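Remarks on the overall topology
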Amino acid sequence: LNWKKERVGEVDLPAEVFEYPYRRHLVWEVVKAYRAGQRAGTHKTKVRSEVSGSGKKPFRQKGTGRARQGGGRPPIHRHGGTAHGPVPRSYAQDVSVGEKKNALKAVLSRRAAEERIVVIDRLELDSHRTKELRDAIGALGIEGKALFVDSRDNANLLRASRNVKTWKIVDPLAVNAHDVLAHSTLVLSKQALARVVQNLGGE
């Protein structure tokens, strides 16, 4: 289609990419790994050696009738250190390139079966204004969350879509299963579709 929803050509969707069986567990593993990789892992609490305070023994060991104490910084005290608290770490999970590609083919096949893939001849815009892009998307009948796939060099599309939280622009080489599942409609330029198919091993 073009921006006016006029049919201007046809594209072939290769079966090896767009008729791939939906392997639910594989998709779950890949999406889980993607979400885990988004975590910063910068959480940190101080242990008893890092909190401020003296390490002096508060009273003698025996003869007071109180429980023995070795200082003011153990975890049992107020303002003491934290025992077994979180420390900075990476949440990254190992997922092979083949698994990522197969999961992407699975979700693309589902979107194709649901007829939620829209191929535009060219996604270039004459203006960077959000209103014009919103009007164009409305004319295509696209509602809700939409994932646009086109080159990062398309500056007008990037700028026009920044103010709308339900839209996301990704490069053809950055398409992933998580983003496809998170958006109800997939909008690709004809050139971007060819790059995605080539990256997934389609003809």
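What counts, and where the lines are drawn
Residues numbered from 1 in each chain as written. Predicted model: local features only at pLDDT ≥ 70, side-chain atom pairs only at ≥ 80, totals over all residues. Heavy atoms only, no water. 1 Å grid on protein atoms, 1.4 Å probe; cavity = no way out; pocket = protein on both sides within 12 Å on 5 of 7 lines; lining within 4 Å. Points joined across faces, edges and corners; volume = space filled by probe spheres on them. Helix = DSSP H or I, 4+ residues; strand = E, 2+ residues; numbered from the N terminus. Nonpolar A, V, L, I, M, F, W, Y, C, P; charged D, E, K, R; others polar. Axes fitted to C-alpha atoms, helices over the stretch in contact; angles between N-to-C directions. Left-handed = near helix turned anticlockwise from the far one by under 90°. Contact = heavy atoms within 4.5 Å. Pairing = 2+ DSSP bridges.

1. Let's talk about the layout of surface pockets
- The volume enclosed by the largest pocket comes to roughly 580 Å³.
- In terms of lining, the largest pocket is formed by 17 residues, of which the most central are Leu1, Val11, Ile117, Val118 and Val119.
- When residues of the lining of the largest pocket are assigned to their parent elements, the largest contribution, four residues, is made by strand E1 (residues 117–120).
- Residue composition of the lining of the largest pocket, grouped by class: nine nonpolar, two polar and six charged.
- Here the second largest pocket is characterised by a volume of approximately 380 Å³.
- Lining the second largest pocket are 21 residues, and of these Val30, Lys100, Val175, Asn176 and Ala177 sit closest to its centre.
- Contributions of two or more residues to the lining of the second largest pocket are made by helix H2 (24–37), helix H3 (97–113), helix H6 (177–182) and helix H7 (190–199).

2. Some points on the packing of H2 against H3
- Where H2 contacts H3, the axes come no closer than 9 Å and their chain directions differ by 115°. Seen from above, H2 lies across H3 with left-handed handedness. Here Leu26, Val27 and Val30 of H2 lie close against H3, whose contacting residues are Glu99, Lys100, Asn102, Ala103, Ala106 and Val107.
- Along the lines of polarity and charge, the residues of the contact of H2 with H3 split into six nonpolar, one polar and two charged.

3. Looking at the environment of Phe148
- Among the secondary structure elements, Phe148 is positioned in strand E2 (residues 146–149).
- A sequence separation of 54 residues divides Phe148 from Asp94, and the C-alpha atoms of the two residues are 27 Å apart.
- Beyond its immediate sequence surroundings of up to four residues, Phe148 is in contact with Ile137, Trp167, Lys168, Ile169, Val170 and Val187.

4. Describing the sheet that holds E1
- Spatially, the four strands line up as an open sheet ordered E1-E4-E2-E3, and their pairing is parallel. Sheet topology places E1 and strand E3 (167–170) at the edges, where each strand pairs with a single neighbour. Averaged over all pairs of adjacent strands, the angle between their axes in this sheet comes to 20°, without regard to strand direction.
- Pairing of E2 with strand E4 (residues 185–189), which is carried by four bridges, proceeds in the parallel orientation. If you follow Phe148 over to E4, its bridge partner there is Val187.
- Strands in contact with H7 are E1, E2 and E4; relative to E4, the strand with the most contacts, it is inclined by about 100°.

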